[in-house]
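Residue-level structure breakdown
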Amino acid sequence: MKFLGYILRNARRSPVRTFLTMASTTVSLFLTMVLLSYFTVNDAVADSIKLLNRIVTMSSQGLAQPVPIARVREIAALEGVKAATPFSWYGGKFNEEVMPFAQFGVDPSTIWEVYDELSVPEEQKKAFVEKRDGAVIGRRLAQDRNLKVGDPLPLKQDLYPVDMNLTVVGIYDGTPDRDLRMCFFNWDFLNEELKSRANGQMADNAGVVIAKVASADLMPTLSKAIDASYANSDTPTRTQTEEAFAKMFSEMFGDLKGMIRWISLAVLVSLLFVAGNAMAMAMRERTTEMAVLKAIGFRRGLVVTLVLAEAVLVAGLGGAIGTLGAKVFFDLVDLGKYTAGMLPFFFVPWSTALIGLGASLFIGFASGLLPAIQSARLSVIDGLRKVV
Amino acid sequence: MSQVNSIVLENVSKQYRRDDFVIPVLAGLDLRIAEGEFLALMGPSGSGKTTLLNLIAGLDYATDGQVIVHGQDLGELSDSEITRWRSENVGFIFQLYNLIPVLTAFENVELPLLLTNLTRKRRRQNVMTALKAVGLEGREDHYPRQLSGGQEQRVAIARAIVTDPYLLVADEPTGDLDRNSAEEILDLLQQLNRDFNKTIVMVTHDPLAAKRAGRELHLDKGKLVKNIELRPEYDADSVSAARSADHQSIQETAS
């Protein structure tokens, strides 16, 4: 602590250089936090739904292929399945917005049993069942668009060949780690519209089927059983837990995920060179001073410590601002508002922020190591030039 | 041969190696400096005076021979030991002051004390005493850029004496100062030598500065060539003995 003042003064000696080094560390760490958190959050969300005992049945050909609607009833009838619902992504426009929020055609009579972690007032559940064009939206979506029960919710066609003129009949709520920006509407209403106004094009199909299972132990058996039942049909299925289904989205970017990790590493390594160069320049300018310190009794270990402390202070502070800044920024700014349900929530987990903080401290340490060793090994006589 | 409380160099040689070349700087040099002596080292550039000063100050090791300072054979000390020894026994005064520009006068003087176990309060007392001794009371919060050259050198001297070292080494301490400032610094060095019995070895090109010392030693081509006694009042027994020995060494070199 005796040397803290000296370290701080040295760090402020060249304010522009210190600022630029800190700024490059801050910006790089901020961006790295965003990249790494994307996958961390996806995995965290997938982990959080592990306990909800849901399985998702999709076409074995992928999400682009639908599942016949009859599968909902068949899956619901299986022993161990508490409830099942179609889950069809409508993907319509709202006003002039393209992909404004996620909209799903579901079964109003089973959706709240399948999604039992979401809460809706009983009278609104009833209204959702009774009113064919009714829609239940998430609390945050209602807040964002200033929508309330009774408001019209017109969705224009995009993927499907029909428009959906809906009316808000309910608002669901849930814990903050749930997606509270979805819009559920009656799948039957969509199907009727397709039959009456689009010659049945895309009718009688669900995007996927989501089922609530009585216990986690049953999920592997049920998944296998469902897929086995349809293996030889025209529309074979692929069933997996909702957790695996959620992770599938990030795994779709499998190579990209690895690439982003490598890019993040490359950013940190180049940052190391930037910070290292700044420290090396600082030490070169202070060669004589280092020699003086050693002449008056500063031992090699102490010189190394002082240089490293300064490097860690500059890079560490920049990194702390970058990582904690990203953490605070995304805690305050609700990114889900702007991503149309593609990224319902985004935040920088503490674990990722701490990794970033550790990385910035390491960068500080590593960037100062070579200049520190050079300073420690500096001959006093050479450093003083004029000798003594 | 070695005297406790004095500086003794016996048959000291120093060579530098530059690539394939061996450059001899000092050759078979014998020298004695008594405790409390103020010695000026003079000689043309390349004569080895600064190299000699480095050896006495423990900044470099002799290639051959012994350098004994205050009873300690410096050749026996490891790098970390000699660094510690310097911090306890030697105060350095440089031509260009070499103060840390981002530290105040107080903090510059305090630097050597940070290596000790003194409390903050005690460090403050010692720093203020040193600054008072060099006439810079009230300037402790000034940064080097806010001081004149002479004042900067005073801060450097305060930094050199704050640990109360046995030996002060000065390499052209007035080389970058105007005459008036130089006189003030030389007055101060004389005062430290006279009042606090500090042993001072000063390298200088300035004959007027050298005249402030008790003795002038001239080097040429790595050998002592002249020993001039300047201040009879230094004729304490040990000083006389040191001078006689150096006279004899020079005569032997000449013959």
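The paragraphs below set out a description of the structure included in this document. From a predicted model like this one, the values you see are computed outputs, not experimental measurements. (Residues numbered from 1 in each chain as written. Chains lettered and ligands numbered in written order. Predicted model: local features only at pLDDT ≥ 70, side-chain atom pairs only at ≥ 80, totals over all residues.)

Considerations on the interface of chain A and chain B
In this complex, chain A contributes 21 residues to the contact, which on the side of chain B involves 25 residues. Those elements that place two or more of their residues in the side of chain A that touches chain B are α1 (4–11), α11 (287–295) and α14 (380–384) of chain A. Among the elements that take part in the side of chain A that touches chain B, α11 of chain A stands out by supplying 5 residues, more than any other. Residues of the side of chain A that touches chain B, tallied by class, amount to 10 nonpolar, 4 polar and 7 charged. (Contact = placed C-beta atoms within 7 Å. Helix = DSSP H or I, 4+ residues; strand = E, 2+ residues; numbered from the N terminus. Nonpolar A, V, L, I, M, F, W, Y, C, P; charged D, E, K, R; others polar.)

Considerations on the environment of Pro-144 of chain B
Residues and elements named next belong to chain B. Note on placement: Pro-144 falls in the loop between α4 (120–133) and α5 (149–161). Pro-144 gets classed as buried once you count the C-beta atoms within 10 Å, which come to 20. Note: C-alpha distance between Pro-144 and Ile-100 (44 residues apart in sequence) is 7.7 Å. If near-sequence neighbours (up to four positions away) are discounted, Pro-144 is found in contact with Leu-99, Pro-101 and Glu-152. (Buried ≥ 20, exposed ≤ 12 C-beta atoms within 10 Å, placed from the backbone.)

Describing unusual backbone geometry
Residues and elements named next belong to chain B. Even without glycine at this site, Asp-19 takes up a positive phi of about 55 degrees. Locating Asp-19 in the fold gives a position in the loop between β1 (6–18) and β2 (21–34). The exposed category is assigned to Asp-19, around which 5 C-beta atoms lie within 10 Å. Even without being a glycine, Asn-197 presents a positive backbone phi close to 55 degrees. By secondary structure assignment, the location of Asn-197 is in the loop between α6 (179–196) and β8 (199–203). The class for Asn-197 is exposed, based on 11 C-beta atoms found within 10 Å.

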